[in-house]
Amino acid sequence: MALPQVKIGVIGGSGLYQMPALTGAVAQHIPTPFGDPSDALVVGELAGVPVAFLARHGRHHQLLPTELPARANIYALKTLGVEYLISVSAVGSLRSEVKPLDLVVVDQFIDRTRNRISTFFGAGIVAHITFENPVCPALAQVLIDAINTLNLPDVTVHRQGTYVCMEGPAFSTKAESELYRSWGATVIGMTNLPEAKLAREAEIAYATLALATDYDCWHPDHASVSVEMVVANLRKNVTNAQAVIQQAVTQIAQQPPPSKAHRALKNAIMTPLDHVPPATLEKLRPILAPYLKNPS
Ligand SMILES: CSC[C@H]1O[C@H](OP(=O)(O)O)[C@H](O)[C@@H]1O
Ligand SMILES: Nc1ncnc2[nH]cnc12
C-alpha cells in the first residue's frame, strides 16, 4: 500500500516518546536500505496538519546514541515526503546563562562523535554538502516565533547556541566539559549532529529545539548531570516542547518557509550519475530523485 505523504517530521528525543496530541495516528513500519528506523513512524495530524513522529531512541528508550539508525530514520522520513524536520533533544548546559528548563534553538554544531556513519554517500557516489549553517535558519526562526507566540510562562528561550555532539553514552569528564566551554559551546548532547548532516544530504530542512536539563559537570554550584536529573527536568518541560511543536507545525503549514536545504545536493554531487553503479542509484532513489533522468 502506498505510504501517506507528510511534509513535516518530528524526532522526539529523551522524554518525548509519543505525541498524545497527534490525532488519527497510524504506525508505519518503514524498512529502508539502511536498516529499520528506531521505531515505527507515527503518522497523524497535529491541529489538522499531517505530521510524522519518530521516537529517536525507540519508544522504550532502548537504543544508545551510538546505536541510533540515523540513516534509516532520515531515509524513512524522506520516503514519507518530509521536507521540514524538527528535532527535540535534551541537552546539558555549558553556560551559566542557559539554565535547566530553558529552551535553546541551536544554530551550530561541533562534532565530537567517533563511531557514527553520517552520510548516505559512498558505494560509487561522492557528494560533499555545504554545512556552514547546519541548521535551517528559516525553520529555526519558525521555532523562535512559535515560542514567542505561545508566550509560555517562566520559559526563557535562547535564539542561538552551539551544540557539542559527543559520542557517549557516558557523560563528559570535567576536563572535557571545561574544554567545550573554552570553545564557546553552549550545550551538549549525543544525538543531533549525524541527523543534521543526513537531513541536509536528504534535502530536508532541519532545526533543533533543545531542552536544557542540567549543567553537565562543570558548574561549581550545581550537582553533576545524572539520568535522574535529566528525567526530572524533562518531565517538567516536555509539555512546553509539545506546545511549541504544535504551534510551529501550524505556522509551517500556513506559510512553508523557503529553505536552501531543499536544494542542498544541487552543487554537491561530484560523481556523474551515469558513472554511479545502478544499485547505488536505486538505493538512494528517494534522495536523488530530483537529479535523476527517470525519477520515479
Ligand atoms: C537521558 S540523558 C542523555 C541522552 O539524552 C539526550 O538524548 P536526545 O538528544 O535524544 O534527547 C542525549 O543526547 C543523550 O542521548
Ligand atoms: N550533560 C549532558 N551531556 C550529554 N547529553 C546530555 N543530555 C542531557 N544532558 C546531557
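Above this text sits the structure in question.
Because the structure is predicted, anything quoted here is derived from the model rather than measured.

1. Side note on the site of ligand 2
- Close to ligand 2 lie 13 residues; Ala90, Gly92, Thr213, Asp214 and Asp216 are nearest.
- Within the side chain of Asp214, one N or O atom sits 2.6 Å away from a nitrogen atom of ligand 2.
- A distance of 2.8 Å separates a nitrogen atom of ligand 2 from a polar side-chain atom of Asp216.
- When ligand 2 sits alone it has 260 Å² of accessible area, and the protein chains cover 94% of it.

2. Some details on the side chain of Ser93
- Relative to the elements of secondary structure, Ser93 occurs in strand S5 (residues 84-93).
- Ser93 sits in the buried class, given a relative accessible area of 0%.
- A distance of 2.8 Å separates a polar side-chain atom of Ser93 from the backbone oxygen of Arg95.
- Beyond its immediate sequence surroundings of up to four residues, Ser93 is in contact with Val98, Thr186, Val187, Asp214, Tyr215, Asp216 and Trp218.

3. Looking at the environment of Gly124
- Topologically, Gly124 is positioned in the loop between strand S7 (108-112) and helix H2 (137-150).
- Residue classification places Gly124 among the partly exposed positions, given a relative accessible area of 40%.
- Separated by ten residues in the primary sequence, Gly124 and Pro134 place their C-alpha atoms 25 Å from one another.
- In this structure Gly124 touches Thr271, His275, Val276 and Pro277, once residues within four positions along its chain are discounted.

The rules we used
Residues numbered from 1 in each chain as written. Chains lettered and ligands numbered in written order. Predicted model: local features only at pLDDT ≥ 70, side-chain atom pairs only at ≥ 80, totals over all residues. Heavy atoms only, no water. Near = heavy atom within 4 Å. Polar contact = N/O pair within 3.5 Å; in protein donor to acceptor, adjacent residues only side chain to side chain. Areas by Shrake-Rupley, 256 points an atom, 1.4 Å probe, with all protein chains shown as cover. Helix = DSSP H or I, 4+ residues; strand = E, 2+ residues; numbered from the N terminus. Buried < 20%, exposed > 50% of the residue type's maximum accessible area, 1.4 Å probe, protein only. Contact = heavy atoms within 4.5 Å.

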